[in-house]
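For reference, the chains in residue letters:
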Amino acid sequence: MSKIALVTGATAGFGKAIAERLVRDGYRVIATGRRQERLDALAAQLGKALLPLRLDMMDKAAIAALPDALPAEWQEVDILVNNAGLALGISKAQESDVSDWERMIATNVTGMVELTRALLPGMVARDRGHIVSLGSTAGIYPYVGGNVYGATKAFVEQFMRNLRCDLLGRNVRVTNIAPGLCGGSEFSNVRLRDNAKAAAVYEGTHPLLPDDIAETVSWIVNLPPHVNINQIEMMPICQAAGGLSVVKG
Ligand code: NDP
Ligand code: 8X3
């Protein structure tokens, strides 16, 4: 039987591209997200190798129940791709909406750790598995307006590093992927709540694309089992980190 990957946030952007790529690589893929019609379209496109599963990452009960709720032949998840996530707003902290902060923390941090906790015991018991999470350069390099979004991604990075410690001696791999500017997804539409402003983010750039992320995930999971990629930081060639700032006077 082919290996099973569970990809969260497979209804758009990176997650959709990762699900498509892993099916092409020969995996069976459980694709999750909230938008049922997108999941159904993906299932129609990819056939029996894809199991569409509606899952809201803010629904704690559904996450806890997920391992037992999977059909028997889909329960042995080999790869968890923690991809579902979002940024909301680009305001300075002192002007930000606290409910936006709460949703980012609930999705990017709480949902991600709860799903990881739900699937990890099975991986440990089978002594095989791989947790791949989508962090961000926003979790490494601070920028104005990145406040809580960047902090959730710094959490992802450190959680992955700490999981490596807890899993030492087990054949369960852990990877954080930290991409920079990436177009071709709904990330900026969701963040800015304005499609014209979202399009303007990428104008005149040649950003990373969801297929670049899918290619990276494919490489990481298909390496020989003794190889663990701890962390990958990737940016388009048109992007680099800014320097430190000083205010004078
Ligand atoms: P998209 O907005 O295109 O996709 C986000 C996905 O997450 C969607 O499938 C959405 O599904 C899902 N999602 C969001 N909230 C929830 C929720 N509460 N429950 C279940 N699913 C949810 O964004 P990207 O593909 O660009 O981003 C994917 C990941 O990569 C995110 O974690 C993002 O932070 C990270 N990232 C993005 C970068 C970029 O520049 N694009 C760069 C670095 C990291 P649905 O709405 O159907 O629930
Ligand atoms: C997305 C990258 O720089 O827009 O995580 O925050 S950035």
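Our subject is the structure listed above.
Residues numbered from 1 in each chain as written. Chains lettered and ligands numbered in written order. Predicted model: local features only at pLDDT ≥ 70, side-chain atom pairs only at ≥ 80, totals over all residues. Heavy atoms only, no water.

A. Focus on the sheet that holds strand β3 (residues 50-54). Taken in spatial order, the seven strands make up an open sheet running β3-β2-β1-β4-β5-β6-β7, and their pairing is parallel. Only two strands of the sheet have a single partner each, and these edge strands are β3 and β7 (231-234). The mean angle between the axes of side-by-side strands here comes to 15 degrees, regardless of whether they run parallel or antiparallel. In this fold helix α2 (residues 36-46) packs onto β2 (28-33) and β3, with an angle of close to 175 degrees to the strand it touches most, β3. (Pairing = 2+ DSSP bridges. Helix = DSSP H or I, 4+ residues; strand = E, 2+ residues; numbered from the N terminus. Axes fitted to C-alpha atoms, helices over the stretch in contact; angles between N-to-C directions. Contact = heavy atoms within 4.5 Å.)

B. Here's a closer look at the site of ligand 1. Within the structure, ligand 1 sits among 27 residues, and Thr11, Arg34, Asn83, Tyr149 and Ser185 are positioned closest to it. The contact in question runs from an oxygen atom of ligand 1 to an N or O atom on the side chain of Tyr149, over 2.7 Å. One of the side-chain N or O atoms of Lys153 is found 2.9 Å from an oxygen atom in ligand 1. Within the complex, the protein chains bury 96% of what would otherwise be the 880 Å² of accessible surface of ligand 1. Grouping the constituent residues of the shell around ligand 1 by class yields eleven nonpolar, eleven polar and five charged. (Near = heavy atom within 4 Å. Polar contact = N/O pair within 3.5 Å; in protein donor to acceptor, adjacent residues only side chain to side chain. Areas by Shrake-Rupley, 256 points an atom, 1.4 Å probe, with all protein chains shown as cover. Nonpolar A, V, L, I, M, F, W, Y, C, P; charged D, E, K, R; others polar.)

C. The arrangement of the site of ligand 2 in detail. Close to ligand 2 lie Ser136, Ala138, Tyr143, Tyr149, Phe187 and Arg191. Ser136 is positioned with one of its side-chain polar atoms (N or O) 2.5 Å from an oxygen atom of ligand 2. Tyr149 has a polar side-chain atom sitting 2.6 Å from an oxygen atom of ligand 2. Relative to its unbound accessible surface of 250 Å², ligand 2 loses 79% to contact with the protein.

D. Helix α7 (residues 195-202), seen in detail. Taking the backbone nitrogen of Ala196 as reference, a side-chain oxygen 3.0 Å away marks Asp194 as the first, capping residue of α7. Of the residues flanking the end of α7, it is Gly204, one or two places downstream, whose phi is positive at about 75 degrees.

E. Spotlight on the side chain of Arg21. With respect to the helices, strands and loops of the structure, Arg21 is situated in helix α1 (residues 13-24). Side chain to side chain, Arg21 and Glu215 meet in a polar contact 2.7 Å long. If near-sequence neighbours (up to four positions away) are discounted, Arg21 is found in contact with Ala214, Glu215 and Ser218.

F. Representation of the pattern of salt bridges. By the definition in use, this model includes ten salt bridges. For Arg128, the salt bridge identified is with Glu76, shortest N-O distance 3.3 Å. Taken together, the positions of Arg128 in the loop between α4 (98-126) and β5 (129-134) and Glu76 in the loop between α3 (60-69) and β4 (79-82) put the pair 52 residues apart, joining distant regions of the chain. Given the relative accessible area of 42%, Glu76 is considered partly exposed. Members of the salt-bridge network, linked through shared partners, are Arg21, Asp25 and Glu215. (Salt bridge = Lys/Arg side-chain N within 4 Å of Asp/Glu carboxyl O. Buried < 20%, exposed > 50% of the residue type's maximum accessible area, 1.4 Å probe, protein only.)

Don't take any of this as a statement about function, it's just geometry.
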